[in-house]
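Report on the structure
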Amino acid sequence: MISKLSITALATTALVGLASAAAAQDCPIKVGVLHSLSGTMAISETTLKDTMLMLIEKQNAAGGVLGCQLEAVVKDPASDWPLFAEKARELISNDGVDVTFGSWTSSSRKAVLPILEELNALYFYPVQYEGEESSRNVFYTGAAPNQQAIPAVDYFLEELGVEKFALLGTDYVYPRTTNRILESYLKEKGIAAEDIFVNYTPFGQSDWATIVADVVALGADGKQVGVISTINGDANIGFYKELAAANVSADDIPVVAFSVGEEELSGLDTSNLVGHLAAWNYFMTADTPANAEFIEAWHAFIGDDMRVTNDPMEAHYIGFNMWVNAVEAAGTTDVDAVREAMWGQEFPNLTGGTAVMGTNHHLSKPVLIGEIRADGQFDIISQTEPVEGDAWTDFLPESAVLTSDWKDLGCGMYNTQTETCVQMKSNY
């Protein structure tokens, strides 16, 4: 009898504790969604807004978090980088969100950074980027250069025998920094400076005739040319159309893109793009039960079986579920407590294996190379084991000495030679 009474008392105490925790947590828990729904980046970001709404709806159906329902607070920064900062401040200061999921371009992320660090807010960034950053307020769930750009170049060098490189990008921080890393890496691999052609174009670029002609001319000596594309947004439509108009096939000049996935291809005639490549950490064609379940849930939510999934959607899926688990583990949405609970969080990738959040706020992820099919999907032709994201590249001298460790070193920009923390705030 004493034993049964003790067990009952313990169970009652536990229930009271849970009730107290729920009572202590303000309900609903507000989740900021900061993605462009208009302007040049809407082609990519609108789907990420819809993904977040789907994930929040599913979590609410499962009981919410800490006994509270989640409430999405959506803002449209309209592909305008200063407006990202303004809307981020609104979300945090006026709307009182507990966390925000947002951005596509690095320019928009960097616009938000000062606000996050000033107000000590939490942000999940779901897109591949140039690295060279580790903020205590951001978790980077997309690929760092060593998880996308470097492996893609290796594939060109080792599998396709590319000898000359055209680095084509949109004119902002991500392409410029990524290409600076790639130029250094290519030279280290023995590619001469004169065999590397670099070109930047504005957002929304539509006239690609001259640039494509320049790329074709690069191979006039008979050497194999390859294009590394960091072109973003709807400019990709004009670029690929011009390739087709110039009768440039993947056999002639292969293109590997870092910002073109299933969503971008869904609006194109891909018949002339067959064989061109993309490097991501996820493709819709991944043959796993988890991915099949995710696609089914997406189609049911969006009400359209023709809608595709893509890499940044998986990044939000992983980041959101890690955040939910971290909040549950911390017993609160308090930013500092959740941050600490995020370190070491694990969650299954949709492509198989497990993503792990490092103390540098970057995920470990597999690297996939996909080949474009006529239906706008990708055949996965290469997949690695999970690779840990590196916040600071080994291929720029000033970065090779830096590391990030928010758990043990308490610093995102730690100089391993001087054994000092260079700075606590990010480089904006």
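The structure presented is a predicted model; accordingly, all values stated were derived computationally and were not measured. (Residues numbered from 1 in each chain as written. Predicted model: local features only at pLDDT ≥ 70, side-chain atom pairs only at ≥ 80, totals over all residues. Heavy atoms only, no water.)

Focus: unusual backbone geometry
Defined as follows: Secondary structure is summarised from DSSP: a helix means a run of H or I of at least four residues, a strand means a run of E of at least two, and numbering begins at the N terminus for each. Only protein chains enter the accessibility calculation, which uses a 1.4 Å probe. A residue is then buried if its area is under 20% of the maximum for its type, exposed if over 50%, and partly exposed in between.
A cis amide bond links C27 with the next residue in sequence, P28, at an omega value of -5°. Along the chain, P28 turns up in the loop between α1 (2–24) and β1 (29–34). The phi angle at N120 is positive, at roughly 50°, despite the residue not being glycine. For N120, the position within the fold is in the loop between α4 (106–119) and β4 (123–125). Taking relative accessible area as the criterion, N120 reaches 25% and is therefore assigned partly exposed. If you check the backbone angles, E132 has positive phi at about 60° while not being a glycine.

Quick look at helix α3 (residues 81–94)
Note the following rule: To estimate how far a helix should reach, multiply one less than its number of residues by 1.5 Å. Contacts: residue pairs with any heavy atoms within 4.5 Å of one another. Under the rule applied, a polar contact is a pair of N or O atoms within 3.5 Å (in protein, one hydrogen donor and one hydrogen acceptor; residues adjacent in sequence only if both atoms are side-chain atoms).
Here α3 spans 20 Å end to end across 14 residues, near enough to the 20 Å set by a 1.5 Å rise per residue. When we look at burial in α3, the residues that qualify are W81, F84, A85, K87, A88, L91 and I92. Each element contacted by the buried residues of α3 is listed here: β1, α2 (42–61), β2 (70–75), β3 (99–102), α4 and β4. In this structure D80 caps α3, since a side-chain oxygen of it lies 2.9 Å from the backbone nitrogen of L83. Within two residues after α3, G96 carries a phi angle of roughly 65°, on the positive side.

Focus on the sheet that holds strand β19 (residues 420–421)
Stated precisely, the cut-off is as follows: Pairing between strands requires that DSSP locate at least two bridges from one strand to the other.
Taken together, the three strands give an open sheet; going across it, the order is β17-β18-β19, and neighbouring strands pair in antiparallel fashion. Each edge of the open sheet carries a strand with a single partner, namely β17 (402–405) and β19. Strand direction decides the pairing type here: strand β18 (residues 411–415) and β19, joined by two bridges, are antiparallel. Considered in β19, the bridge of Y414 is made with C421.

Quick notes on the environment of S206
Looking at the secondary structure, you find S206 in the loop between β7 (196–201) and α7 (209–218). On the basis of relative accessible area, S206 is assigned to the exposed category, the value being 64%. Separated by 30 residues in the primary sequence, S206 and N236 place their C-alpha atoms 8.5 Å from one another.

Quick look at the side chain of N179
Considering the arrangement of structural elements, one finds N179 in helix α6 (residues 173–188). Given a relative accessible area of 0%, N179 falls into the buried group. Aside from chain neighbours lying at most four places away, what touches N179 is L167, V198, Y200 and T230.

What about the pairing of β2?
The condition that has to hold: A clockwise path from the first strand over the helix to the second, with the strands pointing away from the viewer, defines a right-handed crossover.
Where β1 meets β2, six bridges bridge the pair, whose relative direction is parallel. Along β2, the bridge assignment pairs K30 with E71. With respect to chirality, the unit in which β1 leads through α2 into the neighbouring parallel β2 is right-handed.

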